[in-house]
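Now for the letters of each chain:
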Amino acid sequence: MAKGNEIIVSADPKGTFLEGVISGTPKPGTIMEIVPATATVGGEFTWRAYQPGTDGQQRLIAVLLPDTLQGQLATTAYVSGARCFLYCPIPGEDLNVLKGDVAGTADDFAIGDLLMVDSGTGKVIATTGTPESNPFICLETVTDPTADQLVWVKFTGQ
């Protein structure tokens, strides 16, 4: 269960707000990256779900925000080609990010678990192996999820 119903949970966020054009249909809370080798659209970069090729690979953490200008909620997916809004947090800030459900596995989280970003989906997953980056610490207990959901985390900056 996320904390509240917003993506940015910290009361006075100090990170960087970005805008761009969306590629695909990701939901708010997804970690995004700039689409490589793609020209800007009206001076704005195109963003897609994080997919550097390896889970936990070090990249800029840009969290997709809801399109509040259109009255969208944190549960409403974007449409490809739409204007998007993102937030790059600073270490110590609290967020609600999208946790991917891994079907048929024990993908529970406990308070204090380190989380990495899944390449290809941009959703957080439990840390496995030796990733380059564990950018989030889980701040809630998640037991037996049956679908993707927002989860309360603290950004580590790592």
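Our subject is the structure that appears above.
Just so we're clear, the structure is a prediction, and the values are computed from it rather than from any experiment.

Turning next to the environment of alanine 74. Position of alanine 74 relative to the elements: it lies in the loop between strand S4 (62–65) and strand S5 (83–88). Alanine 74 gets classed as buried once you look at its relative accessible area, which sits at 10%. A sequence separation of 79 residues divides alanine 74 from valine 153, and the C-alpha atoms of the two residues are 16 Å apart. Residues contacting alanine 74, with those up to four places away along its chain left out, are Asn5, Ile7, Pro28, Pro66 and Leu150.

What follows deals with the packing of aromatic side chains. Considering all chains together, one arrives at two aromatic pairs under this definition. Between phenylalanine 17 and tyrosine 87, the aromatic rings sit 4.7 Å apart at their centres with planes inclined by 50 degrees, giving tilted as the arrangement. On the criterion of sequence distance, the pair formed by phenylalanine 17 in strand S1 (residues 16–22) and tyrosine 87 in strand S5 is long-range, its members being 70 residues apart. Of the residues examined, tyrosine 87 reaches a relative accessible area of 0% and is grouped as buried.

Our next topic: the nonpolar core. Ranked by internal contacts, the top residues of the largest apolar core, which has 33 residues, are Ile31, Leu95, Val97, Phe136 and Val151. Secondary-structure elements contributing two or more residues to this core are strand S2 (31–34), S4, S5, strand S6 (94–99), strand S7 (114–117), strand S9 (136–138) and strand S10 (149–155). Looking at this core, the element that brings in the most residues is S5, giving five residues. The residues touching isoleucine 31, leaving out its near neighbours within four places in the chain, are Arg48, Ala49, Tyr50, Ile61, Ala62, Val63, Val97, Val117, Gly122 and Phe136.

Attention now moves to the pattern of salt bridges. Per the counting criterion, the structure on display carries seven salt bridges. The salt bridge involving glutamate 19 is made with arginine 83; its shortest N-O contact spans 2.8 Å. A residue pair is termed long-range when its members are at least 10 positions apart, and glutamate 19 in strand S1 and arginine 83 in strand S5 qualify at 64 residues. Using a relative accessible area of 34% as the deciding quantity, one classes glutamate 19 as partly exposed.

A barrel is described by the order of its strands in space; here five strands give the closed sequence S1-S3-S2-S4-S5, paired in mixed fashion. Within this sheet the neighbouring strands show an average axis-to-axis angle of 55 degrees, counted without direction. Relative to strand S3 (residues 46–49), S2 is paired through three bridges, and the arrangement is antiparallel. Bridge assignment links glutamate 33 to a residue of S3, and that residue is arginine 48.

Procedures and definitions
- Residues numbered from 1 in each chain as written.
- Predicted model: local features only at pLDDT ≥ 70, side-chain atom pairs only at ≥ 80, totals over all residues.
- Heavy atoms only, no water.
- Helix = DSSP H or I, 4+ residues; strand = E, 2+ residues; numbered from the N terminus.
- Buried < 20%, exposed > 50% of the residue type's maximum accessible area, 1.4 Å probe, protein only.
- Contact = heavy atoms within 4.5 Å.
- Phe/Tyr/Trp six-rings, centres within 6.5 Å; stacked < 30°, edge-to-face > 60°.
- Core = buried A, V, L, I, M, F, W, Y, C linked by side-chain atoms within 4.5 Å.
- Salt bridge = Lys/Arg side-chain N within 4 Å of Asp/Glu carboxyl O.
- Pairing = 2+ DSSP bridges.
- Axes fitted to C-alpha atoms, helices over the stretch in contact; angles between N-to-C directions.

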